[in-house]
Amino acid sequence: MADLLPGWIATPLSEVEARKPDLIFASSAHKVVAVAVFKRPFFSSYTTGLWVRFLRFSLLSHKKLEEDLEKLGLTPPQFYVLATIGYAGGLPFGEIGAKMMVTVSNLTGIVDRLEEKKLVLRKRDENDRRVVHVVLTEKGAKLYKTTIPLFEKSISRVFSSLDKPQQKELSALLRKLNRVSWAK
């Protein structure tokens, strides 16, 4: 049976019957094969399942944000750079990378594309020529000011299923996880 669906692993029927799964059917070129679908979590650890839910939420919300930013001609990383610079008023490459948690080499490509769009400029530090600052152009500043409200609207839709107290609770829990997880 395993050779009918490449990459799939056939579960022995005795094991499938013992776990009482729901069945769905997959077809190959010549035969219909029963494929077990289990309702219980794949992982045995609750925390692993929690992480998977968190990751799924993160990926889905990022995808929604990506769709909204695409309408403005920006990718999420480009927006994050634009927002970081717009908020701070221009920063050295290294500080932008640290705030975004990306390497300077990854940041270079993002800034290159923003520069091509005439949204940012690179400026050498007057006191230390090794330091390169990234600043918004006039066009970049206008886009930053118009994009922030759209971003906030998009994000509020992502969290709209939670009322304010639940949002505050989630915020406190995430803040706690960030403090504890990265302090070690």
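Before reading on, note that the structure itself is shown above.
Computed from a predicted structure; not experimentally measured.

Formed by 22 residues in total, the largest nonpolar core has its most connected members in Val81 and Ile96. In terms of residues, this core owes the most to one element, helix α3 (residues 76–88), which gives 5 residues. Residues in contact with Val81, not counting those within four places in the same chain, are Ile96, Met100, Leu107, Ile110, Val111 and Leu114.

Right, let's talk about the sheet that holds strand β5 (residues 132–136) for a bit. Across the sheet, which stays open at both edges, the 3 strands sit in the order β3-β5-β4 with antiparallel pairing between neighbours. Edge positions in the sheet fall to β3 (91–92) and β4 (120–124), since each of these pairs with one other strand and no more. Looking at chain direction, β3 and β5 are connected through 2 bridges and run antiparallel. The partner of Leu91 across the bridge, within β5, is Val134. In the packing of helix α5 (residues 104–116) onto the sheet, contacts are made with β4 and β5, and the angle to β4 comes to roughly 115 degrees.

Further remarks concern the packing of helix α2 (residues 46–70) against helix α6 (residues 138–158). The description of two helices packed together rests on the angle between their axes and the distance between the axes. Two numbers describe how α2 lies on α6: the axes approach to 10 Å, and their chain directions differ by 145 degrees. Read as a crossing pair, α2 and α6 show a hand that is right-handed. Along the contact surface, α2 presents Phe57, Ser61, Lys64, Leu65, Asp68 and Leu69, while α6 presents Thr147, Phe151, Ser154, Arg157 and Val158. Considering only residue class, the contact of α2 with α6 consists of 5 nonpolar, 3 polar and 3 charged.

Moving on: the packing of α3 against helix α4 (residues 93–100). Put simply, α3 and α4 touch, their axes get as near as 10 Å, and they point 115 degrees apart. The interaxial crossing formed by α3 with α4 has right-handed handedness. Every residue of α4 that contacts α3 at Pro77, Tyr80, Val81, Thr84 and Ile85 is listed here: Ile96, Lys99 and Met100. Here the contact of α3 with α4 is composed, by residue class, of 6 nonpolar, 1 polar and 1 charged.

Turning to a nonpolar patch on the surface, a few remarks are in order. A grouping of Trp51, Leu55 and Leu59 is seen on the molecular surface, where their side chains present a nonpolar patch of about 320 Å² in accessible area. On the secondary structure map, Leu59 appears in helix α2. Judged by its relative accessible area of 54%, Leu59 falls in the exposed class.

For α4, the complete set of buried residues consists of Phe93, Ile96, Gly97 and Met100. Mapping the buried residues of α4 onto a view down its axis gives an arc of 100 degrees, with all of them on the same face. Turned more than 90 degrees from where α4 packs its buried face, Ala98 and Lys99 sit exposed. Summarising the contacts, the buried residues of α4 are in contact with α3, β3, α5, β4 and β5. A positive backbone phi angle near 60 degrees is found at Met101, which sits one or two residues after α4.

A word on the packing of aromatic side chains. Taken as a whole and assessed by the stated rule, the structure comprises 3 aromatic pairs. Between Phe79 and Tyr80, the ring centres sit 6.0 Å apart and the planes meet at 65 degrees, which makes this aromatic pair edge-to-face. A relative accessible area of 29% places Tyr80 in the partly exposed class. Classification of Phe79 as buried rests on a relative accessible area of 2%.

About the criteria used
- Residues numbered from 1 in each chain as written.
- Predicted model: local features only at pLDDT ≥ 70, side-chain atom pairs only at ≥ 80, totals over all residues.
- Heavy atoms only, no water.
- Core = buried A, V, L, I, M, F, W, Y, C linked by side-chain atoms within 4.5 Å.
- Buried < 20%, exposed > 50% of the residue type's maximum accessible area, 1.4 Å probe, protein only.
- Helix = DSSP H or I, 4+ residues; strand = E, 2+ residues; numbered from the N terminus.
- Contact = heavy atoms within 4.5 Å.
- Pairing = 2+ DSSP bridges.
- Axes fitted to C-alpha atoms, helices over the stretch in contact; angles between N-to-C directions.
- Left-handed = near helix turned anticlockwise from the far one by under 90°.
- Nonpolar A, V, L, I, M, F, W, Y, C, P; charged D, E, K, R; others polar.
- Patch = residues over 30% accessible without salt bridge, like charges linked within 9 Å, V, L, I, M, F, W, Y side chains within 5 Å.
- Areas by Shrake-Rupley, 256 points an atom, 1.4 Å probe, with all protein chains shown as cover.
- Salt bridge = Lys/Arg side-chain N within 4 Å of Asp/Glu carboxyl O.
- Arc of directions from axis to C-beta.
- Phe/Tyr/Trp six-rings, centres within 6.5 Å; stacked < 30°, edge-to-face > 60°.

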